[in-house]
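These are the residues of each chain, in order.
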Amino acid sequence: MSVQAAPQLEKPRKRPSAALYEVVVPLLATAAGFLVWEAICKAFNVPAYLVPAPSEILKDTLAIGPTVFGHSMATLKTVLLGFVVSIAISLPLAVLLTASPAIASALYPFLVWTQSIPKVALAPILVVVLGSNELPRVVITVLVAFFPLVISSATGLMSVPPELIELSRACKASKWSELWRIRLPYAIPFIFAGLKVAISLAVVGAVVAEFVNADAGLGFLIVTSTAFFKVPVAFGALIILSIMGVVLFQLVVIAERVFFPWSTGNAMAAS
Amino acid sequence: MITLNRVTRIFESRDGDRITALEDVSLSIRDNEFVTLVGPSGCGKSTLLRIVAGLILPTAGTASIGGAAITEPRSETGIVFQAPTLLPWASVLDNVLFPLRMMHKMDSASTDKAAALLKLVGLQGFESKSPRELSGGMQQRVAICRALVHEPDILLMDEPFGALDALTREEMTMELLRIWGERPKTVLFVTHSITEAVVLADRVVVMSPRPGRIAEIIEVKSPRPRSFDNEASPEFHEATHRIRQLIFGQRHVGPGRAAA
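Here the structure is a predicted model, which is why all the values come from computation and not from measurement. (Residues numbered from 1 in each chain as written. Chains lettered and ligands numbered in written order. Predicted model: local features only at pLDDT ≥ 70, side-chain atom pairs only at ≥ 80, totals over all residues. Heavy atoms only, no water.)

## Remarks on the overall build of chain B
A count of helices and strands for chain B gives seven helices and ten strands. Taking 260 residues into account, the globule formula puts the C-alpha radius of gyration at 18 Å, and chain B, at 19 Å, falls close to it. Taken along its principal axes, the extent of the C-alpha atoms in chain B is 55 × 45 × 35 Å. When each of the 260 residues of chain B is scored for burial, the buried share is 56%. Put simply, of all contacts in chain B between residues at least 6 apart along the chain, 68% involve residues at least 24 apart. (Helix = DSSP H or I, 4+ residues; strand = E, 2+ residues; numbered from the N terminus. Rg over C-alpha atoms; globule rule 2.2 N^0.38 Å. Buried < 20%, exposed > 50% of the residue type's maximum accessible area, 1.4 Å probe, protein only. Contact = heavy atoms within 4.5 Å.)

## Focus: the overall build of chain A
Helix and strand counts for chain A come out as ten helices and zero strands. Going from the N terminus to the C terminus, chain A shows its helices and strands as α-α-α-α-α-α-α-α-α-α. Relative to a compact globule of 271 residues, whose C-alpha radius of gyration would be 18 Å, chain A shows 23 Å and is clearly more extended. Dimensions of chain A, computed from the C-alpha atoms along their principal axes, are close to 75 × 55 × 30 Å. Look at the contacts in chain A between residues 6 or more apart in sequence, and 71% of them connect residues 24 or more apart. Carbon and sulfur atoms provide 74% of the accessible area of chain A, an area that totals close to 14,900 Å². The distance from the centre of the 17 positive side-chain charges to the centre of the 12 negative ones in chain A is 5 Å. (Areas by Shrake-Rupley, 256 points an atom, 1.4 Å probe, with all protein chains shown as cover. Lys, Arg positive; Asp, Glu negative; His and termini not counted. Charge placed at Lys NZ, Arg CZ, Asp CG, Glu CD.)

## Description of the side chain of B:Q139
Residue and element names in this part refer to chain B. Mapped onto the fold, Q139 is located in helix α4 (residues 136-148). Taking relative accessible area as the criterion, Q139 reaches 16% and is therefore assigned buried. Non-local contacts of Q139, meaning those with residues more than four positions away in its chain, are made with P84, L86, P131 and L134.

## Overview of the interface of chain A and chain B
At the interface, 31 residues of chain A touch 31 residues of chain B. Buried area between chain A and chain B, both sides added, is near 2,800 Å², and the carbon and sulfur share of it is 66%. A salt bridge links A:K172 to B:E72; its shortest N-O distance comes to 3.5 Å. Put simply, chain A and chain B have six residue pairs in polar contact (both at pLDDT 80 or more) between them. Mapped onto the side of chain A that touches chain B, the elements with two or more residues apiece are α7 (162-170) and α8 (175-212) of chain A. Broken down by element, the side of chain A that touches chain B gets its largest block of residues, seven residues, from α7(A). Here the side of chain A that touches chain B is built from residues that sort into 17 nonpolar, seven polar and seven charged. (Buried area = accessible area lost by both parts, 1.4 Å probe. Salt bridge = Lys/Arg side-chain N within 4 Å of Asp/Glu carboxyl O. Polar contact = N/O pair within 3.5 Å; in protein donor to acceptor, adjacent residues only side chain to side chain. Nonpolar A, V, L, I, M, F, W, Y, C, P; charged D, E, K, R; others polar.)

## Focus: the state of the cysteines
Applying the stated criterion across every chain, the model contains zero disulfides over all chains. We note that A:C171 lacks a disulfide partner, and the nearest cysteine sulfur, in B:C145, lies 15 Å from it. (Disulfide = S-S within 2.5 Å.)

## Side note on the pairing of strand β9 (residues 203-208) of chain B
All names here are of chain B. Most of β9 is tucked away, with five of its six residues classed as buried. The pairing of strand β3 (residues 34-38) with β9 spans four bridges and is parallel. Within the sheet, the bridge partner assigned to V35 lies in β9 and is R203. Pairing of β9 with strand β10 (residues 213-219) involves six bridges; the strand directions are antiparallel. (Pairing = 2+ DSSP bridges.)

## Section: the sheet that holds strand β8 (residues 186-191) of chain B
Residues and elements named next belong to chain B. Ordered by their spatial adjacency, six strands build an open sheet running β6-β7-β8-β3-β9-β10, and the pairing between neighbours is mixed. With partners counted over all chains shown, the strands left at the sheet margins are β6 (77-80) and β10, one partner each. Taken pair by pair, the neighbouring strands of this sheet meet at an average axis angle of 15°, ignoring direction. By the bridge criterion, five bridges tie β3 to β8 in an arrangement that is parallel. If you follow T36 over to β8, its bridge partner there is F189. (Axes fitted to C-alpha atoms, helices over the stretch in contact; angles between N-to-C directions.)

## Some remarks on the domain arrangement of chain B
Residue and element names in this part refer to chain B. Once the domains are mapped, chain B shows domain 1 (2-76 + 152-252) and domain 2 (84-151). With centres defined by C-alpha atoms, the gap from domain 1 to domain 2 works out at 25 Å. Between domain 1 and domain 2, the contact holds 17 residues from the first and 15 residues from the second. Across the domain 1/domain 2 interface, buried area totals approximately 1,400 Å², and carbon plus sulfur atoms make up 66% of it. For the pair domain 1 and domain 2, the interface holds two salt bridges. Taken together, the links from domain 1 to domain 2 amount to four residue pairs in polar contact (both at pLDDT 80 or more). Mapped onto the side of domain 1 that touches domain 2, the elements with two or more residues apiece are β7 (154-158) and α5 (166-182). Of all the elements, α5 adds the most residues to the side of domain 1 that touches domain 2, at seven residues. Classifying every residue of the side of domain 1 that touches domain 2 by side-chain character gives eight nonpolar, two polar and seven charged. (Domains from an automatic or database assignment.)

## Some thoughts on the sheet that holds strand β5 (residues 68-69) of chain B
All names here are of chain B. One open sheet holds the four strands; their spatial order is β2-β1-β4-β5, and the pairing between them is antiparallel. Strands at the two margins of the open sheet, each flanked by one partner only, are β2 (18-29) and β5. Pairing analysis gives eight bridges linking strand β1 (residues 2-12) to β2, with the strands arranged antiparallel. Among the inter-strand pairings, L4 is bridged to a residue of β2, identified as L27.

## Observations concerning the nonpolar core
All names here are of chain B. Core analysis: the biggest nonpolar cluster contains 50 residues, and I144, M157, F189, V204 and I243 have the highest contact counts within it. In terms of residues, this core owes the most to one element, α4, which gives seven residues. Taken domain by domain, the makeup of this core includes at least three residues from each of domain 1 (2-76 + 152-252) and domain 2 (84-151). The residues touching M157, leaving out its near neighbours within four places in the chain, are L49, V80, I144, L176, V187, L188, F189 and V190. (Core = buried A, V, L, I, M, F, W, Y, C linked by side-chain atoms within 4.5 Å.)

## Observations regarding the environment of A:I182
Position of A:I182 among the secondary structure elements: in helix α8. Once the C-alpha coordinates of A:I182 and A:L164 are considered, the two residues, 18 residues apart in sequence, prove to be 7.7 Å apart. If we ignore the near neighbours within four places in the chain, the residues touching A:I182 are A:V160, A:L164, A:S168, A:S177, B:W89, B:F98 and B:M102.

And the structure:
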């Protein structure tokens, strides 16, 4: 009985130029974009209170560097708290939703309702109800971020091949070990797809919350600096926010690759 | 011994239609007998298999193993499905050990047992590989090991080679006969392939659809050990010819050596 070697399904080893295309080229393109921006601002003499040149943004932002850093940390705190709470709510909720059709029917109206409320409109009301502190900011962040995570986690929990559930039943496994040993691991690729959306939305949610109620944070910084026509600082805050979003997103991607290497690109290759 | 006595199974679809998947099926299977179920789609083969597995219950009639009625899955039954359905996150060895883990029956000998099974199917040295690194045939071998790891006395196979290419399929069929020779057990094997059914079986149960019934049970007299080379033998031919008659009706099957 001979066994043929299986075709290797891993990606072919990267040629040296792959790193060039994945890192160097995007960085150069970004740098070129900033240079063009700078050149246009200088060439047409665009006033800084309309569209500041990158050099002005950098100069004005660095001038109040420690303050901006403090605001960034405040926003990061809200984003991470909101993200963690979203996970803590979404995963059990997804398990409940998939546990029985009755529970799902009972919960769906509430879920849809939380999504149909405009969060920007809800924010000032929450401040009155919950007080002017971190709590309403986290609540708003969660409300913005958690929904896609619930839906993709629930989809993942339902994506298990029916044969595996039959196998689990044939082994007389408890519902708990079916969840723990089969459903949750199967849902990992879906959960991470949800986490990637959730972390991006958490940044949006935190800024929305800070617009309404905050004495710190990049959202607060944008509101106050534009009020005083310090547009370069507002742009600086905007750039920091987008970098924060990209870095957090990449951290989720890396966490998936490190902890669940089988998961990446495997969401549908279940059978 | 597996005994089905006038088993009927009716499914109710969501819009209230009642579908009779199995009607009045009686069958008894001896210990260590190899029985194959053939028939067109919708003839209730898989339903019958799942009733023996204890995954679904008969609507009427009784199903029993060794005299005891089947009311729930029993831990001395192993199942292989059409898709290998291995766990993508677990190694080959852990996939084989999976039923023992689910049954909380892991002990110090379990790993050796699993390794011995992998050796039996020619997958020695693949223990720590991921299922993704295996070909379809190799994955199905792992699934067979998984079904055997808790040393079942009954092995239920639902079109286990249906998703494999024709060559791998033939190889796996012979492989299964060899495994069955080394570890005798009662096997109930569902298939769409008439040749496969005859090569494997002591008896072939031919089923007809809507409602699923047993059309005829055919004893395969061809001596063991068998291989696909036996296809030309008169006993083999007699069996396949009769099965084709039952499935396709007289008019589609010529006299004597029928179309393969």
